[in-house]
Amino acid sequence: MLVIQNGWLVTPQGAAFGDMAVDCGRIAALGARLSPAPQDDVLDASGLWVFPGFIDAHTHFDMGNDLAHTADDFETGTRAALMGGTTCVVDFATQERGGTLSDALAQWHRKAQGRCSCHYAFHMAITDWNERTRAELADLLAAGVSTFKLYMAYDALRVNDGELYDVLVSTARLGGLVGVHCENGDLVNAGVRRERQSDAGVQGHPRSRPAAVEAEAVERLLRIAQVADCPVKVVHLSTREGLEAVRRARGRGQCVRVETCPQYLLLSDERYRRPDGANYVCSPPLRPASDREALVKALLEGEIDTIATDHCSYTSAQKAAAGRDFSRIPNGLPGVEHRAVAMMSAFVATGRMDAAAMCRLLSENPAREMGMYPCKGALRVGSDADVVLWDPNAAGVLTAQGQWQNTDYTPYEGLRVSGGVRHVLLGGRWAVRDGRLIAPNLGSYVARRQPQL
Ligand code: DUC
Ligand code: ZN
Ligand code: ZN
């Protein structure tokens, strides 16, 4: 048995000073004062905050497309995640057109198995909707894949409105949840053609997909979900206008889950004017400050359910290989390592949000949505002992040089941060002690149940 003493425990009942006992990989007891037996290991957590391990429900590791292959695979990506306090990621297995869901799932298991330093699970991105695909859905749920992803943009991935409707109905019937990439693919294609003609360089990227391109897709998705009478999740929301569409749908009584990412809360589109602007190309793109401010306000007012990263990392060389053709720059940003520290610094250390609210955004809500609660996402007796001990008094500066992510830059270079990971328990074993990785590769696959919405 391990007893963690004198920590500030963030539990579903509220935050409280106290002790936590861990046995056989699970939380065995929580209390104001537990009495360790002589043979127990004891850790004094005085001055530390104790959180249920953070969950990042939006990563892309070991993913290729016609432009590039991601710099992080499951080995480097989950190691970086762990070092930042994330004890579970949910990555996107993606169906090949003409292929099956079960083949895609098997392929993603091969990428991850034996390589992960935090726990992992998979969503399934459906790119080829037909009767065979529909017939596979129940098998996917049985295999622990209870969340799905659809794209409204990217010609190689996207589905049409009728297919979207059908997937929503078919997955909801089984208790699954669909997350949707909301950009109007036809408008993106038209915008790319238009901006390529003007040879605007990297700035052509945000101009090719302005806010209305996202907002139209969010609005359309939510109307389709209304007709289908199904809950739905908007992933990586980036605009005020998209948020307004969410508010309208919620006002009609719809169940809409909203995810945003640190890049949309902290960064803005001025980055595209920098010489290294290509490094910030992601979709949806970084937005003007007014969108960022609207999202921050929504976050503080409780309108956003989860913060994930959409981690999809490339090196500067991969980004630069496109030259002046912005449409050939691989889309995506690194971030899986820095989510918690960046968010805690921006919102908790500044007193704009309390640690318990941040815990809901990073741990509890993702666990519920992903069908992992209360095994994960909570400090409760019986829950898995995936635990982060956070030092609120740590201070540092984020740099590419100091990061674990397998790329040569970070969008948060030079950001001064308050707080940091001191220790991490994964399944009751110390994976990180005093900020040092002591046990890599302890991660295992998480078969998930139905989302709790
Ligand atoms: N956009 C996506 O839709 N997926 C991965 C990364 C990105 O920028
Ligand atoms: Zn996306
Ligand atoms: Zn994504």
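Up top is the structure.
In this report, we go over the structure that sits alongside the text. (Residues numbered from 1 in each chain as written. Chains lettered and ligands numbered in written order. Predicted model: local features only at pLDDT ≥ 70, side-chain atom pairs only at ≥ 80, totals over all residues. Heavy atoms only, no water.)

### So, the pattern of salt bridges
Working definition: two side chains of opposite charge can pair if their charged atoms are close together. Considering all chains together, one arrives at 29 salt bridges under this definition. Here E195 ties to R194 by a salt bridge, and the two come within 3.2 Å at their closest N and O atoms. Overall, E195 belongs to the buried group, its relative accessible area being 10%. In this structure, the salt-bridge partner of K297 is E301, at a minimum N-O distance of 3.5 Å. Ionic contacts of the salt-bridge type, sharing partners, join the residues K233, R250, R257, E259, D305 and E369 into one network. (Salt bridge = Lys/Arg side-chain N within 4 Å of Asp/Glu carboxyl O. Buried < 20%, exposed > 50% of the residue type's maximum accessible area, 1.4 Å probe, protein only.)

### As for the sheet that holds strand 8 (residues 119-125)
The strand order across the open sheet formed by eight strands is 6-7-8-9-10-11-12-13, and the pairing between neighbours is parallel. Looking at which strands have only one partner, the edges of the open sheet turn out to be strand 6 (54-59) and strand 13 (306-307). Contacts from helix 1 (residues 74-83) reach strand 7 (86-94) and strand 8 within the one sheet, and its direction differs from that of strand 7 by about 145°. Contacts from helix 8 (residues 240-251) reach strand 11 (232-234) and strand 12 (256-260) within the one sheet, and its direction differs from that of strand 12 by about 160°. (Pairing = 2+ DSSP bridges. Helix = DSSP H or I, 4+ residues; strand = E, 2+ residues; numbered from the N terminus. Contact = heavy atoms within 4.5 Å. Axes fitted to C-alpha atoms, helices over the stretch in contact; angles between N-to-C directions.)

### Digging into helix 5 (residues 185-197)
Helix length check: helix 5, at 13 residues, gives a terminal C-alpha distance of 19 Å against a target of 18 Å (1.5 Å per residue), a fit within 8%. All buried positions along helix 5 are accounted for by G185, V188, G191, V192 and E195. On an axial view of helix 5, the arc spanned by its buried residues comes to 115°, and they lie on one face. Within helix 5, the exposed residues directed more than 90 degrees away from the buried face are D186, R193 and Q197. Contact partners of the buried residues in helix 5: helix 6 (204-208) and helix 7 (211-228). Two or three places before D186, at the opening of helix 5, N184 has a side-chain oxygen 3.0 Å from that residue's backbone nitrogen. Of the residues trailing helix 5, D199 is marked for its positive phi of about 45°. (Expected span 1.5 Å × (residues − 1). Arc of directions from axis to C-beta. Polar contact = N/O pair within 3.5 Å; in protein donor to acceptor, adjacent residues only side chain to side chain.)

### Considerations on helix 4 (residues 161-173)
Turn by turn, an α-helix covers 3.6 residues, leaving residues three or four places apart pointing in a common direction. A rise of 1.5 Å per residue sets the reference length of helix 4, with its 13 residues, at 18 Å; its end C-alpha atoms lie 18 Å apart and thus fit the reference within 8%. Taken residue by residue, helix 4 has L164, V167, L168, V169, S170 and T171 as its buried positions. The N-capping residue of helix 4, defined by a side-chain oxygen 3.1 Å from the backbone nitrogen of G162, is N160. Just past helix 4, the residue G175 takes up positive phi, approximately 85°.

### Some thoughts on the pairing of strand 10 (residues 177-181)
The element strand 10 is extensively covered by neighbouring structure, given that five of its five residues are classed as buried. Examined bridge by bridge, strand 9 (residues 147-151) and strand 10 share five bridges and lie parallel to one another. Opposite K149, over in strand 10, you have G179 as the bridge partner. A crossover connection joins strand 9 to the parallel strand 10 through helix 4; in handedness this β-α-β unit is right-handed. Looking at chain direction, strand 10 and strand 11 are connected through two bridges and run parallel. Each residue of the ladder has a partner; that of G179, found in strand 11, is K233. (Right-handed = clockwise from strand over helix to strand, strands pointing away.)

### Let's talk about the site of ligand 1
H60, Y154, H181, C282, S283, D310, C312, N331 and G332 make up every residue found near ligand 1. The side chain of Y154 places a nitrogen or oxygen atom 3.2 Å from an oxygen atom of ligand 1. The separation between an oxygen atom of ligand 1 and a polar main-chain atom of G332 is 3.4 Å. A total of 240 Å² of accessible area belongs to ligand 1 in isolation, and the protein chains cover 96% of it. Using a 2 Å cut-off from the grid points, one finds that ligand 1 occupies the largest pocket. Grouping the amino acids of the shell around ligand 1 by side-chain chemistry returns three nonpolar, five polar and one charged. (Near = heavy atom within 4 Å. Areas by Shrake-Rupley, 256 points an atom, 1.4 Å probe, with all protein chains shown as cover. 1 Å grid on protein atoms, 1.4 Å probe; cavity = no way out; pocket = protein on both sides within 12 Å on 5 of 7 lines; lining within 4 Å. Sits in = over half its atoms within 2 Å of the grid points. Nonpolar A, V, L, I, M, F, W, Y, C, P; charged D, E, K, R; others polar.)

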